[in-house]
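Overview (structure and organization)
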Amino acid sequence: MSTATPDLQPDTASREGEGKRALVTGLRGFTGVYVERELAAAGYEVFGTVMPGEATGTHALAVDLCDRAAVGAMVEQVQPDVVVHLAGIAFVAHGNAEQIYQVNVVGTRNLLEALAGVAHRASAVLLASSANIYGNASVPIIDESVAPAPANDYAVSKLAMEYMARLWMDKLPIVIARPFNYTGVGQSEQFLLPKIVSHFRRRERRIELGNLAIARDFSDVRMVARSYRRLLAAAPAGEAFNVCSGRSHSLGEVIDLASEIAGYRIEVEVNPAFVRANDVLTLSGDHGKLAAAIGPLDPPPLLTTLRWMYRGDHAWPERRPGHDHDRAEAGGRPCRRHRCLHPRAAGAPARRRLRGPALLLA
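Residues numbered from 1 in each chain as written. Predicted model: local features only at pLDDT ≥ 70, side-chain atom pairs only at ≥ 80, totals over all residues. Heavy atoms only, no water.

**With respect to the sheet that holds strand S10 (residues 215-220)**
- Judged by pairing direction, the sheet is mixed, and its three strands sit side by side in the order S8-S10-S12 without closing on themselves. Both edges of this open sheet fall to strand S8 (181-183) and strand S12 (248-250), since each of them pairs with a single strand only. Neighbouring strand axes in the sheet, compared pairwise and without regard to direction, differ in orientation by 50 degrees on average.
- Sheet topology note: the S10/S12 ladder contains three bridges and is antiparallel. Looking across to S12, one finds that Arg-216 is bridged to His-249.
- Strands S8 and S10 of the sheet are contacted by helix H6 (residues 221-234), whose axis makes an angle of about 65 degrees with S10. (Pairing = 2+ DSSP bridges. Helix = DSSP H or I, 4+ residues; strand = E, 2+ residues; numbered from the N terminus. Axes fitted to C-alpha atoms, helices over the stretch in contact; angles between N-to-C directions. Contact = heavy atoms within 4.5 Å.)

**Digging into the nonpolar core**
- Counting residues in hydrophobic clusters, the biggest one holds 56 residues, and the most contacted among them are Leu-39, Val-84, Ile-196, Tyr-228 and Leu-306.
- Setting aside its immediate chain neighbours within four residues, Tyr-228 contacts Thr-31, Val-35, Val-84, Leu-86, Leu-126, Ala-128, Ala-177, Pro-179 and Val-243.
- Among the nonpolar cores identified, the runner-up in size contains 27 residues, and Leu-65, Val-118, Met-161 and Ile-174 belong to it. (Core = buried A, V, L, I, M, F, W, Y, C linked by side-chain atoms within 4.5 Å. Buried < 20%, exposed > 50% of the residue type's maximum accessible area, 1.4 Å probe, protein only.)

**Regarding the pairing of strand S4 (residues 82-85)**
- Residues Val-82 and Val-84 line one face of S4 and the alternating positions Val-83 and His-85 line the opposite face, and both faces are buried.
- In this sheet, S4 lies alongside strand S1 (residues 21-25) in parallel orientation, the contact comprising four bridges. Along S4, the bridge assignment pairs Leu-23 with Val-83.
- Pairing analysis gives four bridges linking S4 to strand S5 (residues 124-128), with the strands arranged parallel. Each residue of the ladder has a partner; that of Val-84, found in S5, is Leu-126.

**With respect to the environment of His-287**
- Among the secondary structure elements, His-287 is positioned in the loop between strand S14 (284-285) and helix H8 (288-294).
- Sequence separation of His-287 and Leu-297 is ten residues, and the distance between their C-alpha atoms is 8.6 Å.
- Dropping the residues within four chain positions of it, His-287 is found in contact with Asn-242, Cys-244, Ser-245, Gly-246 and Leu-297.

**Remarks on the packing of aromatic side chains**
- Taken as a whole, this structure holds five aromatic pairs when the rule is applied.
- A ring pair is formed by Phe-30 and Tyr-182, whose centres lie 6.1 Å apart and whose planes are at 15 degrees; its orientation type is stacked. A residue pair is termed long-range when its members are at least 10 positions apart, and Phe-30 in helix H1 (residues 30-41) and Tyr-182 in strand S8 qualify at 152 residues.
- Judged by centre distance (6.0 Å) and plane angle (80 degrees), the rings of Tyr-34 and Trp-308 are edge-to-face. Here Trp-308 lies in helix H9 (residues 302-311) and Tyr-34 lies in helix H1, a separation of 274 residues in the sequence.
- Judged by its relative accessible area of 0%, Tyr-34 falls in the buried class.
- Judged by relative accessible area, which is 3%, Trp-308 ranks as buried.
- Here the aromatic residues Phe-30, Tyr-34, Tyr-182 and Trp-308 are joined through ring pairs into a cluster of three or more. (Phe/Tyr/Trp six-rings, centres within 6.5 Å; stacked < 30°, edge-to-face > 60°.)

**Points about helix H5 (residues 192-201)**
- Of all ten residues in H5, nine are buried; the element is thus mostly enclosed.
- Along H5, the residues classified as buried are Leu-192, Leu-193, Pro-194, Lys-195, Ile-196, Val-197, Ser-198, His-199 and Phe-200.
- Of the residues trailing H5, Arg-203 is marked for its positive phi of about 60 degrees.

**Comments concerning the packing of H5 against H9**
- Where H5 contacts H9, the two axes come as close as 9 Å, and the packing angle between them is 55 degrees. One element, H5, and the other, H9, form an angle in the oblique class. Between H5 and H9 lies a crossing whose hand is right-handed. Here Leu-193, Pro-194, Val-197, Phe-200 and Arg-201 of H5 come into contact with H9, specifically with Leu-302, Leu-306, Met-309, Tyr-310 and Arg-311.
- Residues of the contact of H5 with H9, tallied by class, amount to eight nonpolar, no polar and two charged. (Parallel < 35°, antiparallel > 145°, perpendicular 65-115°, else oblique. Left-handed = near helix turned anticlockwise from the far one by under 90°. Nonpolar A, V, L, I, M, F, W, Y, C, P; charged D, E, K, R; others polar.)

**Looking at the pairing of S5**
- Counting buried residues along S5, five of its five residues qualify, which places the element largely inside the surrounding structure.
- Along S5, one buried face is formed by Ala-124, Leu-126 and Ala-128 and the opposite face, lined by Val-125 and Leu-127, is buried too.
- With four bridges connecting them, S5 and strand S7 (residues 174-179) associate as parallel partners. Looking across to S7, one finds that Leu-127 is bridged to Ile-176.

**Some thoughts on the sheet that holds S7**
- With respect to topology, seven strands assemble into an open sheet ordered S3-S2-S1-S4-S5-S7-S11, the strand pairing being parallel. Single-partner strands in this sheet number two, and they are strand S3 (60-62) and strand S11 (240-243). Looking at each pair of strands side by side, their axes are set apart by 20 degrees on average, direction ignored.
- Both S1 and strand S2 (residues 45-50) contribute to a ladder of four bridges, which runs parallel. Each bridged residue has a counterpart across the sheet, and for Arg-21 the counterpart in S2 is Glu-45.
- Running over the sheet, helix H4 (residues 153-166) touches S5 and S7 and is turned about 160 degrees from S5.

**So, the confidence of the model for the protein**
- Residue-level pLDDT values for the protein average 85, and 81% of them are 70 or greater.
- Here residues 315-362 is a poorly scored stretch, pLDDT under 50, and it has 128 contacts once near neighbours within four places are set aside; other chains count. (pLDDT = per-residue confidence, 0-100.)

Here you go:
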């Protein structure tokens, strides 16, 4: 097996999108900025949705996906050749279940209805679901044949979105992606790996975590964005694909890797509040079906991703100014991308801050 570091810069040679239009919902979210860069490198003219109140432009269109008429008008204006649907509530611990279902299911339905209603038919519509739909699976390696067993409202909403999308598969070439955990520069520190990296960057002396033996499949957001691009090109309509590295790392191993990068050891305190009695020790995804559809994935080693995050290299891609979606989800401010008022913004009592494995494994 090659030990060479994969080239994580967008491929500009293929240009499979030359002369075509791409629509990316959630253009300014963590994943959206990476997907936009990949699609632009492929030659697409990239359009995207932002929420009313955010800065707009020729290619950034303000629309609330829960506004059926506005979604229809946006799709009629863009007439996309390919679509990547990323917008939605992505925080597992989001406190308003009604909003989770409204945004993730009804918002997606509005988009599919609009796409099916325009004369110009898209060649591929990629819906970002989640490996959370598998729940706390009892098998260590999860492929697409594992029965869904969602264990929280976020996961149920994503599975419901998948079932709803089946109603449109005779009208649209829908592809479903089920990403496992992934990370990179720009992800909120409310998520586990950015939390660990940020502690090392600040030269913190200690960190609180849960069960260090728990191992999960972590991918690099750049690989995820490239996989989405290649799925659009292959357009395997009607299929669902795990998007993952195929390798698992324990929290203890992550700490070791971060220590190697930072050049010092951090004191790890196991907080019993972060330990769950029924946690599965090892969960890893099988990306064989994805590789068969789009070719070899060549995921970067986790060490490469962590080193990139530790450097804090924002040069690729640049986070767009004014975007506060990650902070909104984590800290209770209104999220302008999908106009959901998080519990504290809506006047509800403050919730206990979730940290460590509670975020990763919820």
